[in-house]
Amino acid sequence: MKQVKVLGSGCSKCVKTAELIKAIAAENEVPVNVEKETSAEVIMSYGVMSTPAVVIDDVVVHYGSIPDKKKIQSWF
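Every value quoted in this text rests on a predicted model; they were computed, and no experiment measured them.

Looking now at the side chain of T17. Locating T17 in the fold gives a position in helix α1 (residues 12–27). Assessed through its relative accessible area of 0%, T17 is described here as buried. Of note is the side chain of T17, whose polar atom sits 2.8 Å from the backbone oxygen of K13.

The next thing to look at is the side chain of H62. Positionally, H62 belongs in strand β4 (residues 59–63). For H62, the residues in contact, after removing those within four places along its chain, are P52, A53, V54, P67, K71 and W75.

Inspection of the sheet shows strand β1 (residues 2–7) paired to strand β2 (residues 32–37) by six bridges, in the parallel sense. Counted as the bridge partner of L7 is E37 from β2. In this fold, β1 hands off to α1, which returns the chain to β2; that crossover is right-handed.

This part covers the sheet that holds β2. The strand order across the open sheet built from four strands is β2-β1-β3-β4, with neighbouring strands paired in mixed fashion. Because the sheet does not close on itself, it has two edges, and the strands there are β2 and β4. Averaged over all neighbouring strand pairs, the angle between strand axes comes to 20°, with direction disregarded.

Conventions adopted
- Residues numbered from 1 in each chain as written.
- Predicted model: local features only at pLDDT ≥ 70, side-chain atom pairs only at ≥ 80, totals over all residues.
- Heavy atoms only, no water.
- Helix = DSSP H or I, 4+ residues; strand = E, 2+ residues; numbered from the N terminus.
- Buried < 20%, exposed > 50% of the residue type's maximum accessible area, 1.4 Å probe, protein only.
- Polar contact = N/O pair within 3.5 Å; in protein donor to acceptor, adjacent residues only side chain to side chain.
- Contact = heavy atoms within 4.5 Å.
- Pairing = 2+ DSSP bridges.
- Right-handed = clockwise from strand over helix to strand, strands pointing away.
- Axes fitted to C-alpha atoms, helices over the stretch in contact; angles between N-to-C directions.

What is shown is where atoms sit, not what they do.
Now the structure itself:
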């Protein structure tokens, strides 16, 4: 199971990013655990300066915008 963290303040873009990841993972029958992380300290520990950011299995794979469907699919 992939561990996915969406880093951000909890803004609408962050929520939308988490929802998209869950939906696309379900479409592709990929088991994921999606968490939203809002702690500034944790976000900074990943070196992320713009959110939303996506971390999969402790690797930052995207930051600064809502990822598109094709990009999300490439992660799975």
